[in-house]
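Chain residues, written in single-letter form:
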Amino acid sequence: MYNKREMLQLIEENPVILGINQESDLKLAAKNESQVVFTLFGSISDISNTIHQLKKQKQLVFVNIDMVDGFSPRNSVIDFLKTTELDGIISSKPSILRYAKEQGLFTIHRFFILDSSSWRSIERQLEISQADIINIAPGWTKVIQWTAERFSTPIISSGLVCDKEIVIENLNAGAIAICTTNHNVWDM
């Protein structure tokens, strides 16, 4: 298991994070050089196997627990995931992130920024979650810039980051990495 500093360094060294949202992505991810993967699918019955498969090929595996069928935002989900090989979790739920962090997991707080009100709520939610990374979705460059100017917590952008220009704009705006399910962007 990596410590926080080592994980942040690996993420910065692999600024295009592979977003895996279906079984067929596992084979494509295995062929890709990136060492960081966000698992954005699965079910309670197969998530351990998915994590195991990915850990054989990649250094860092994070699971978005909000997207795993059968999971609920309960502490028992974190207790279960601690028995797997995952490196950390992604969620939009501050209290479950806080519990995961207390249990020693690396945490990524996902924020869906739909308007200025949702952007202003980041500070209040971060106080609860104490997350290691902010994940801004969608990856609108100006929102990444505002967030980088306002918070010292590292940022990953995701959602609608679908070409090289947007990737570069997001990284220049202050994101340490981007996550995408777009296979064309994986190969940049």
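Since we're looking at a predicted model, the values are computed, not measured.

Asker: Is there a simple way to think about the overall build of the protein chain in this case?
Answerer: Looking only at helices and strands, one finds 10 helices and eight strands in the protein chain. Oriented by its inertia axes, the alpha-carbon framework of the protein chain measures out at about 40 × 35 × 30 Å. Sequence-distant contacts, at least 24 apart, represent 53% of the contacts inside the protein chain between residues at least 6 apart. When the accessible area of the protein chain is evaluated, it comes to approximately 8900 Å², of which 49% is carbon and sulfur surface. Charge separation in the protein chain, taken as the distance between the mean sites of 18 positive and 22 negative side-chain charges, equals 3 Å.

Asker: Help me understand the pattern of salt bridges, please; the structure alone is not making it clear to me.
Answerer: Note that side chains of opposite charge can pair when their charged atoms are close. For the structure on display, the rule yields six salt bridges. Of the charged contacts, one joins K4 and D132 as a salt bridge, the two residues approaching to 3.5 Å between their closest N and O atoms. Of the two residues, K4 sits in helix α1 (residues 4-13) while D132 sits in the loop between α7 (122-129) and β6 (133-137), which places them 128 residues apart along the sequence. One salt bridge connects R150 with E123, and the closest N-O pair in it is separated by 2.6 Å. Here R150, found in helix α8 (residues 141-150), pairs with E123, found in helix α7; they are 27 residues apart in sequence, far enough to count as distant. Under the relative-accessibility criterion, R150 is labelled partly exposed at 40%.

Asker: I tried to follow unusual backbone geometry on my own but got confused; where do I start?
Answerer: Negative phi characterises most residues that are not glycine, and trans characterises most peptide bonds. P138 follows A137 through a cis peptide bond whose omega is -10 degrees. Assignment of secondary structure puts P138 in the loop between β6 and α8. Positive phi outside glycine occurs at Q130, with the angle close to 55 degrees. Relative to the assigned elements, Q130 resides in the loop between α7 and β6. Of note in the backbone geometry, L160 takes a positive phi value of approximately 65 degrees without being a glycine. Within the secondary structure, L160 is located in the loop between β7 (155-158) and α9 (164-173). A residue is classified by how much of its surface remains accessible, and L160, at 61% relative accessible area, is exposed.

Asker: What exactly am I supposed to notice about the nonpolar core here?
Answerer: Within the largest apolar cluster, 25 residues are counted, with the highest numbers of intra-cluster contacts made by I20, I65, I78, L81 and I89. Looking at this core, the elements with two or more residues in it are β1 (16-20), α2 (25-31), α3 (47-57), β3 (60-64), α4 (75-81) and α5 (94-102). In terms of residues, this core owes the most to one element, α5, which gives four residues. Among all residues touching I65, those that are not within four sequence positions of it are F71, V77, I78, L81, I89, I90, S91 and I96. Core analysis: the next-biggest nonpolar cluster, separate from the first, contains 18 residues, I11, F62, I90 and I176 among them.

What counts as what
Residues numbered from 1 in each chain as written. Predicted model: local features only at pLDDT ≥ 70, side-chain atom pairs only at ≥ 80, totals over all residues. Heavy atoms only, no water. Helix = DSSP H or I, 4+ residues; strand = E, 2+ residues; numbered from the N terminus. Contact = heavy atoms within 4.5 Å. Areas by Shrake-Rupley, 256 points an atom, 1.4 Å probe, with all protein chains shown as cover. Lys, Arg positive; Asp, Glu negative; His and termini not counted. Charge placed at Lys NZ, Arg CZ, Asp CG, Glu CD. Salt bridge = Lys/Arg side-chain N within 4 Å of Asp/Glu carboxyl O. Buried < 20%, exposed > 50% of the residue type's maximum accessible area, 1.4 Å probe, protein only. Core = buried A, V, L, I, M, F, W, Y, C linked by side-chain atoms within 4.5 Å.

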